Amino acid sequence: MGVRMTNSVSVSADHEAELASITRMLAHIRDSARALDAQALEYCIDMALQAVTSELRDRREFAAAGADLGGGIRLLQ
């Protein structure tokens, strides 16, 4: 059971790192669109950025809740 829990945590950390990378990329694209005064593109990128940051925040809150319960909750993949 320990290997499975460790694997779940590892996969979760990988997903979190990937989401953080996507967040940075979207922020850069949004800033570039802003510099080009491309308001429609900036709006669309901002919406995507908000969705990714919300997902990242939700995953962190879920992981924290699992830790508070003694690790009894497995993170979803």
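Residues numbered from 1 in each chain as written. Predicted model: local features only at pLDDT ≥ 70, side-chain atom pairs only at ≥ 80, totals over all residues. Heavy atoms only, no water.

### Regarding the overall build of the protein chain
Next up, step 1: Along the protein chain, the regular secondary structure elements total two helices and zero strands.
Next up, step 2: Out of the 77 residues in the protein chain, the part that is buried amounts to 21%.
Next up, step 3: Partitioning the contacts of the protein chain with sequence separation of at least 6, the portion at a separation of at least 24 is 55%.
Next up, step 4: Per element, the accessible surface of the protein chain, about 5,500 Å² overall, is 59% carbon and sulfur. (Helix = DSSP H or I, 4+ residues; strand = E, 2+ residues; numbered from the N terminus. Buried < 20%, exposed > 50% of the residue type's maximum accessible area, 1.4 Å probe, protein only. Contact = heavy atoms within 4.5 Å. Areas by Shrake-Rupley, 256 points an atom, 1.4 Å probe, with all protein chains shown as cover.)

### What about the nonpolar core?
Next up, step 1: Judged by nonpolar contacts, Leu 19, Ala 20, Leu 26, Ile 45, Leu 49, Val 52 and Leu 56 together constitute the single largest core of seven residues.
Next up, step 2: The set of elements that each furnish at least two residues to this core consists of helix 1 (2-35) and helix 2 (39-68).
Next up, step 3: Among all residues touching Leu 19, those that are not within four sequence positions of it are Val 52, Glu 55, Leu 56 and Arg 59. (Core = buried A, V, L, I, M, F, W, Y, C linked by side-chain atoms within 4.5 Å.)

### Re the pattern of salt bridges
Next up, step 1: For the structure on display, the rule yields six salt bridges.
Next up, step 2: The partner of Asp 31 in a salt bridge is Arg 30, with the nearest N and O atoms 3.4 Å apart.
Next up, step 3: The partly exposed category is assigned to Asp 31, whose relative accessible area is 38%. (Salt bridge = Lys/Arg side-chain N within 4 Å of Asp/Glu carboxyl O.)

### Looking at unusual backbone geometry
Next up, step 1: The backbone phi angle of Asp 37 is positive, close to 60°, even though this residue is not glycine.
Next up, step 2: You can call Asp 37 exposed: its relative accessible area is 58%.

### Section: the side chain of Thr 23
Next up, step 1: Mapped onto the elements of the fold, Thr 23 is located in helix 1.
Next up, step 2: Given the relative accessible area of 15%, Thr 23 is considered buried.

### Topic: the side chain of Glu 42
Next up, step 1: For Glu 42, the position within the fold is in helix 2.
Next up, step 2: Given the relative accessible area of 18%, Glu 42 is considered buried.
Next up, step 3: Ignoring anything within four residues of it in the chain, the contact list for Glu 42 reads Arg 30, Ala 33 and Arg 34.

### Remarks on the environment of Leu 26
Next up, step 1: For Leu 26, the position within the fold is in helix 1.
Next up, step 2: The class of Leu 26 is buried, set by a relative accessible area of 11%.
Next up, step 3: Residues within four places of Leu 26 in sequence aside, it is in contact with Ile 45, Ala 48, Leu 49 and Val 52.

### A few points about the confidence of the model for the protein chain
Low pLDDT means the predicted coordinates in that region are not meant to be read closely.
Next up, step 1: Summarising the model, the protein chain shows a mean pLDDT of 79, and 73% of its residues fall at 70 or more.
Next up, step 2: Low pLDDT, under 50, characterises residues 72-77; the stretch is placed with 17 contacts to residues that sit more than four places away or in other chains. (pLDDT = per-residue confidence, 0-100.)

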